[in-house]
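Now for the letters of each chain:
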Amino acid sequence: MQRLLAMLALVVCASQSSAQSCPDFFRFVDFGIKASDGLTYRGGTVLRAESFGGAPLLIRDQTVCLQAQDVAIDGRGNPIPLVTGVTYDPAQTGIALLELHVSAIGDTAAAAAQNAAAHLAALGSGDVSVTRGPDFLCAMSKVASGVSCQVRSPFPGPAAPVVYCDASVCTMPVMAISERLSVRAVWSNSGALAGDLDALGQSISGKIQQIHGFLVPLSAAF
């Protein structure tokens, strides 16, 4: 499921426009506005590509820029490229993460619903242990390995992210920032939590809050 959604996101991003090389230097990125003509224009959600102290935040070779004749310029005269996806350097986030991506995937509500399907199917199977917390609902199969937890999103909107964990990692394929933008994150999982759904649910909820806390200061749009 996680690999399928990751591949889907890349295909959607690639189909929006032809990618091009990014500028040599930029401090912000613009996810643009998708117009009725199918093209993406400047003026969308803007995220910082460097910290407030000037340190680079992105893994540059994983930034997907678009061809555009008209891009905005920041206050220091640097271009603000149009992008469909960026990958933050986990070491610069201040969070114990393995991956952190923000991508334009078109319809985040549909992607979130698709991602939640396996979790909802598990809940309806009857072969799971279920734990409900104040902002999470976790399920662990009695016959197969793996845990899934649906967590209340800290971002506006009805789409609640679902996180899938095995003994080594937890993966959040989709967390909707807006109708078009989604966050994907991966982090290490302590196998000791696998048998304690309440502790795992609290850990996942805390991680999502940390991701929200990192991203919100990077854009005034959230």
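Residues numbered from 1 in each chain as written. Predicted model: local features only at pLDDT ≥ 70, side-chain atom pairs only at ≥ 80, totals over all residues. Heavy atoms only, no water.

Undergrad: Just give me the short version of the pairing of strand S12 (residues 136-141), but keep the residues and values in it.
TA: Here strand S11 (residues 128-132) pairs with S12 via five bridges, running antiparallel. Among the inter-strand pairings, Ser129 is bridged to a residue of S12, identified as Met140. The turn linking S11 back onto S12 is made up of three residues. As judged from the five bridges shared by S12 and strand S13 (residues 147-151), these two strands associate in the antiparallel manner. Bridge pairing links Phe136 to Val151 in S13. (Pairing = 2+ DSSP bridges. Helix = DSSP H or I, 4+ residues; strand = E, 2+ residues; numbered from the N terminus.)

Undergrad: Would you mind going over the pattern of salt bridges in detail, with residue names and values included?
TA: Taken as a whole and assessed by the stated rule, the structure comprises four salt bridges. In this structure, Glu50 engages Arg27 in a salt bridge whose closest nitrogen and oxygen atoms are separated by 2.9 Å. Of this pair, Glu50 sits in the loop between strand S5 (46-48) and strand S6 (64-66) while Arg27 sits in the loop between strand S1 (19-20) and strand S2 (28-30), placing them 23 residues apart in sequence. Each member of the pair, Glu50 as well as Arg27, is classed as buried. Between Asp70 and Arg42 there is a salt bridge, and its shortest N-O distance comes to 3.6 Å. With Asp70 in the loop between S6 and strand S7 (72-73) and Arg42 in the loop between strand S4 (40-41) and S5, this residue pair connects regions lying 28 residues apart in the sequence. Looking at Asp70, the relative accessible area reads 45%, which means it is partly exposed. For Arg42, a relative accessible area of 39% puts it in the partly exposed group. Through salt bridges with shared partners, one network takes in Arg27, Glu50 and Asp74. (Salt bridge = Lys/Arg side-chain N within 4 Å of Asp/Glu carboxyl O. Buried < 20%, exposed > 50% of the residue type's maximum accessible area, 1.4 Å probe, protein only.)

Undergrad: Tell me about the state of the cysteines, and please be specific about residues and values.
TA: Considering all chains together, one arrives at three disulfides under this definition. The residue that forms a disulfide with Cys22 is Cys65, at a sulfur-sulfur distance of 2.0 Å. Its torsion about the S-S bond being 110 degrees, the disulfide of Cys22 and Cys65 is classed as right-handed. With Cys22 in the loop between S1 and S2 and Cys65 in strand S6, this residue pair connects regions lying 43 residues apart in the sequence. Owing to a relative accessible area of 1%, Cys65 belongs among the buried residues under this scheme. Bridging Cys165 to Cys170, the disulfide has an S-S length of 2.0 Å. Because the sign of the S-S torsion sets the handedness, a value of about 110 degrees for the bond joining Cys165 and Cys170 places this disulfide among the right-handed ones. Each bonded cysteine of the protein chain is numbered by sequence order, and under that numbering the disulfide pairs are 1-2, 3-4, 5-6. (Disulfide = S-S within 2.5 Å.)

Undergrad: Could you give an account of the packing of aromatic side chains, with specific residues and numbers?
TA: Counted according to the given criterion, the structure contains one aromatic pair. Geometrically, the ring pair formed by Tyr88 and Phe214 is edge-to-face, given 5.4 Å between the ring centres and 90 degrees between the ring planes. Within this pair, whereas Tyr88 is found in the loop between strand S9 (83-87) and helix H2 (90-93), its partner Phe214 is found in helix H4 (residues 197-215), the two being separated by 126 residues in sequence. For Tyr88, a relative accessible area of 0% translates into the label buried. (Phe/Tyr/Trp six-rings, centres within 6.5 Å; stacked < 30°, edge-to-face > 60°.)

Undergrad: So what's going on with the confidence of the model for the protein chain? Residues and values would help.
TA: In this model, the protein chain carries an average pLDDT of 86, and 87% of its residues clear a pLDDT of 70 or more. Note on residues 1-19: pLDDT under 50 across the span, and 35 contacts to partners over four residues away in sequence or across chains. (pLDDT = per-residue confidence, 0-100. Contact = heavy atoms within 4.5 Å.)

Undergrad: Report on helix H3 (residues 108-125), specifying residues and quantitative values.
TA: The first and last C-alpha atoms of H3 sit 26 Å apart over 18 residues, in line with the 26 Å expected at 1.5 Å per residue. The principal kink in H3, of about 40 degrees, is found at Ala117. Along H3, the positions that sit buried rather than exposed are Thr108, Ala111, Ala112, Asn115, Ala116 and His119. Looking at where H3 begins, the residue whose side-chain oxygen comes 3.3 Å from the main-chain nitrogen of Ala109 is Asp107. At the exit of H3 stands Gly126, carrying a positive phi of roughly 85 degrees. (Expected span 1.5 Å × (residues − 1). Bend = angle between axes of the 7 residues up to and from the residue. Polar contact = N/O pair within 3.5 Å; in protein donor to acceptor, adjacent residues only side chain to side chain.)

Undergrad: I'd like a description of the pairing of strand S10 (residues 99-104), backed by residues and values.
TA: Two faces make up the sheet, and in a regular strand the side chains alternate between them. Within S10, five of the six residues are buried, leaving the element largely enclosed by the surrounding structure. Note that S9 and S10 share three bridges and pair antiparallel. Bridge assignment links Gly85 to a residue of S10, and that residue is Ser103. Pairing of S10 with strand S16 (residues 181-188) involves six bridges; the strand directions are antiparallel. Note on S16: the bridge partner recorded for Ser103 is Ser182.

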